[in-house]
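# Structural overview
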Amino acid sequence: VEPAPPAATTYTLARVPLAPIVGNPGFNSLDVAVNTGDGNPCHTLYALRISSAEAGNSWIQADGTLGFAPVYLTVADWAIITTFGLSDSTDYSFAAIARNGDGIDTIPGPAATGTTLGCLPGLPAIQGVGFALVVLIAGLVGTLRLAKRT
């Protein structure tokens, strides 16, 4: 009697991910989530790539910062990740790759885009003119008249 050959485990290739979901823009941040509609099983791992015209390509790390190497997590572990350290008023594109249990990656899926908010206006410039107080904020002018106490 011959012993049975050892069992081999192989995985099917992962499906190419859908475009990530991008939203909740901040001045230096955007929220990103893996789109769950691609039909991959729950143990499939994903990495999220971010790119912009000014910064090129980076990978989102597990803590929301950007790095040079991909980090692979499940959809549940990614949840909604807030990316930090982005520039204001900048367009960013996000794409996901999926990895199966054998460590084989898909090509990047389609990109989704998001734009960070513009910069905040500067602090008000306050100027006193006689008994009038003029406040200038981001090009808007308002005048507050102070009454002289006698």
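Our subject is the structure that appears above.
In what follows, the accompanying structure is described. (Residues numbered from 1 in each chain as written. Predicted model: local features only at pLDDT ≥ 70, side-chain atom pairs only at ≥ 80, totals over all residues. Heavy atoms only, no water.)

The subject of this paragraph is the packing of aromatic side chains. On inspection of all chains with the given rule, the structure shows zero aromatic pairs. Positioned over the ring face of Y72 is R99, at 3.7 Å from the centre of the ring. (Phe/Tyr/Trp six-rings, centres within 6.5 Å; stacked < 30°, edge-to-face > 60°. Lys NZ or Arg CZ within 6 Å of the ring centre and 35° of its normal.)

With respect to the helices and strands, P41 occurs in the loop between β2 (30-33) and β3 (45-52). A residue is classified by how much of its surface remains accessible, and P41, at 41% relative accessible area, is partly exposed. Separated by 27 residues in the primary sequence, P41 and A14 have C-alpha atoms spaced 8.5 Å apart. (Helix = DSSP H or I, 4+ residues; strand = E, 2+ residues; numbered from the N terminus. Buried < 20%, exposed > 50% of the residue type's maximum accessible area, 1.4 Å probe, protein only.)

Strand order in this open sheet of five strands is β5-β4-β3-β7-β8, and the pairing throughout is antiparallel. At either margin of the open sheet sits one strand with a lone partner, and together these are β5 (66-67) and β8 (112-115). In terms of strand pairing, β3 meets strand β4 (residues 56-60) through four bridges, oriented antiparallel. Among the inter-strand pairings, S52 is bridged to a residue of β4, identified as G56. (Pairing = 2+ DSSP bridges.)

Bringing the side chain of T83 into the picture now. Following the sequence through the fold, T83 ends up in strand β6 (residues 80-83). Polar contacts involving the side chain of T83 include one to the main-chain carbonyl oxygen of L30, which spans 2.8 Å. The contacts of T83, once residues within four sequence positions are left out, are N28, S29, L30, V32, I60, G64 and F94. (Polar contact = N/O pair within 3.5 Å; in protein donor to acceptor, adjacent residues only side chain to side chain. Contact = heavy atoms within 4.5 Å.)

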